[in-house]
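# Observations on chain architecture
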Amino acid sequence: MAAGLIPIRLAGPTGPAPVGAVELHLVDPSRTDPWSGQPREVMVTVTYPAADVRGRAMLPWLPSGAERALKARFGGAVDGYALPKTHSANRAPARPGRRPVLLHSPGYNADRTFNTLVIEELASWGYVVVAIEHPYDSGEVEFPDGRVVVNRPDDASDEARTAAVAVRVADLRFVLDQLTVLERGGNPDAEGRPLPRGLRGTLDLTRVGAFGHSRGGAASAAMMYLDKRVRAGVDLDGALYGPVVKHGLDRPFLLMDTVVHDGLNEDETWPSFWAHLSDWHRCLRLTDADHNCFTDIVAIAPQLPEAVRNTLQIGPIPADRAVAAVRATVRAFFDLQLRGRPDAGHLLWGASPRYPEIEYIAG
């Protein structure tokens, strides 16, 4: 950390396993990127239970080039702050065991690390979480050669957003294919960088889930509609796009909103989707919250100047309560649906005295 910078910190995970992570650069020669005209490439972070993290550096929340690009968005207002380290040990050896795999897609103009608090929590409790960055749609994407690709704003029309979600779904499907390559003994990283010891053999690709915030939630639902390999999904406060809105899903799905969004009443895409969900489905609400309370922003905002904090859509909920509630809810859903743990389901009724911030809406 540079001298004189004010440190920003994030809470560590609560599970029994230490956490490791590896960044992968994946290139899909079969697709042309609609923004660059070049073969589509994505950056991915695979976060997993680690066997041993001693002597390992923790990954930064953002690499240096992406951090500079993010700070530039705020016109100097956060230049005096050091963005946090994660609690994920870079390339630590993986803890043995076959584990459910969760795909994560971030919000529009957000980065794959913006849900580190939830991702590390899930990994510490035995999941492998694969967070995908979508260049030109995500916020700041830094590649191994130092290139930084920033968001290209869309025109906010339904057509543009539907098209962007379709690109995300193609990214997710490609990444899932590459995980299959990895699990079979290959190394899909474009630079051929060594994989963590023991990572192959830990990915149980018969138990795959998907979750995302905002546009990432839309991508998770749309991915499930097109790819039966995904068995369960979560949308954290995102409007929906594409055929899934009219056709719904035949596998378990969790919607979670805020009173600001009020999805089933105020979002024209949620009621149709809801009406066509034929398997387990539920709608929950995070009380006293705004849109970014589902992300690390809720924990970072209180550490920033008030003028910045007031622009970040976090609402009055205490940061630690928001983080605990979202972590617990996402984990309970996947424990129920991918691990067959019915005891995890009580929280999903929104009646847990431990997490009064989770309100049951429907389902």
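All of the points below concern the structure found in this document. This structure is a prediction, so every number in the text was calculated from the model and none was measured.

Time to look at the overall build of the chain. Scanning the chain from N- to C-terminus turns up ten helices and 15 strands. Taken over the C-alpha atoms alone, the chain extends approximately 50 × 50 × 45 Å along its principal axes. For the chain, the proportion of its 363 residues judged to be buried stands at 58%. Once local pairs closer than 6 in sequence are excluded, the contacts in the chain between residues at least 24 apart make up 73%. Counting every atom, the chain has about 14200 Å² of accessible surface; 53% of that belongs to carbon and sulfur. Of the charged side chains in the chain, 39 are positive and 44 negative, and the gap between their average positions amounts to 8 Å.

The buried fraction of helix H2 (residues 116–124) is high, at nine of nine residues. Of all the residues in H2, the buried ones are Thr116, Leu117, Val118, Ile119, Glu120, Glu121, Leu122, Ala123 and Ser124. Of the residues trailing H2, glycine 126 is marked for its positive phi of about 105°.

Formed by 58 residues in total, the largest nonpolar core has its most connected members in Phe211, Leu286 and Phe334. Listed by contribution, the elements that provide at least two residues to this core are helix H1 (64–73), H2, strand E8 (128–133), strand E12 (230–236), strand E13 (253–257), strand E14 (281–286), helix H8 (297–300) and helix H10 (319–339). Grouped together as the second largest cluster of nonpolar side chains are 49 residues, Ala94, Leu179, Ala210 and Ala218 included.

Quick look at the packing of H2 against H10 now. For the pair H2 and H10, interaxial distance at closest approach is 10 Å and the crossing angle is 50°. In terms of orientation, H2 lies oblique with respect to H10. Pair H2 / H10 crosses with right-handed handedness. Contact with H2, carried on its side by Leu117, Val118, Glu121 and Leu122, involves Val323, Val326, Arg327, Val330 and Arg331 of H10 and no other residues of that element. Partitioned by chemical class, the residues of the contact of H2 with H10 number six nonpolar, no polar and three charged.

Okay, the pattern of salt bridges next. The final tally for this structure, using the stated rule, is 29 salt bridges. Arginine 40 serves as the salt-bridge partner of aspartate 171, at 2.8 Å between the closest nitrogen and oxygen. Highlighted residues: aspartate 171 in helix H3 (residues 158–183) and arginine 40 in strand E3 (residues 39–49), separated in sequence by 131 residues. Accessibility expressed as a relative area gives 0% for aspartate 171, which makes it buried.

To continue, consider the sheet that holds strand E11 (residues 203–213). As summarised here, the arrangement of the eleven strands in space is E4-E6-E2-E3-E8-E7-E11-E12-E13-E14-E15, forming an open sheet in which the pairing is mixed. At either end of the open sheet lies a strand with only one pairing partner, and these are strand E4 (58–60) and strand E15 (358–362). In this sheet, adjacent strand axes meet at a mean angle of 30° when their direction is disregarded. With six bridges joining them, E11 and E12 adopt parallel strand pairing.

Time to look at the packing of H3 against helix H4 (residues 215–226). Here H3 crosses H4 at 65°, and the two axes come no closer than 9 Å. H3 and H4 meet at a crossing whose hand is right-handed. Contacts from Arg161, Ala164, Val165, Arg168, Val169, Leu172, Arg173 and Leu176 in H3 reach Arg215, Gly216, Ala218, Ala219, Ala222, Met223 and Leu226 in H4. For the contact of H3 with H4, a count of residues per class yields ten nonpolar, one polar and four charged.

Turning to a negative patch on the surface, a few remarks are in order. Residues Asp155, Asp158, Glu159 and Glu268 make up a contiguous surface patch of negative charge. Mapped onto the secondary structure, aspartate 158 falls in helix H3.

So, how was this worked out
Along each chain, residue indices are assigned from 1 in the same order as the chain's sequence is written. With the structure being a predicted model, the display of local features is reserved for residues of pLDDT at least 70 and the display and counting of side-chain atom pairs for 80 or more, all residues being used for whole-chain, interface and lining totals. Values reported for side chains reflect all heavy atoms of the structure, with hydrogen atoms and water molecules removed beforehand. Helix and strand assignments follow DSSP, with helices taken as H or I runs no shorter than four residues and strands as E runs no shorter than two, numbered in order from the N terminus. The buried label applies to any residue whose accessible area, calculated with a 1.4 Å probe on protein chains only, is under 20% of its type's maximum; exposed applies above 50%, and partly exposed to all values in between. Residues are treated as being in contact if the distance between any of their heavy atoms lies within 4.5 Å. All accessible areas in this document rest on Shrake-Rupley with a 1.4 Å probe, and a residue is counted as covered only by the protein chains that are shown. In this tally, Lys and Arg are treated as positive and Asp and Glu as negative; His is ignored, and so are the chain termini. The atom standing in for a charge is NZ when the residue is Lys, CZ when it is Arg, CG when it is Asp and CD when it is Glu. Among the buried residues, those of types Ala, Val, Leu, Ile, Met, Phe, Trp, Tyr and Cys that are joined through side-chain atoms within 4.5 Å form a nonpolar core. For every element, the axis is a line fit to its C-alpha atoms; helices are fit only across the contacting stretch, and the angle between N-to-C directions ranges from 0 to 180 degrees. Oblique is the label for every angle not falling under 35 degrees (roughly parallel), over 145 degrees (roughly antiparallel), or within 65 to 115 degrees (roughly perpendicular). If you view the pair so one helix is near and one far, a crossing is left-handed when the near helix is turned anticlockwise from the far one by less than a right angle, and right-handed when it is turned clockwise. For this classification, Asp, Glu, Lys and Arg are treated as charged, while Ala, Val, Leu, Ile, Met, Phe, Trp, Tyr, Cys and Pro are nonpolar and the rest, including Gly, are polar. Any Lys or Arg side-chain nitrogen located within 4 Å of an Asp or Glu carboxyl oxygen qualifies as a salt bridge. A pair of strands is treated as paired once DSSP finds two or more bridges between them. Patch building starts from residues that exceed 30% relative accessible area and form no salt bridge, then joins like charges within 9 Å and nonpolar side chains (Val, Leu, Ile, Met, Phe, Trp, Tyr) within 5 Å.

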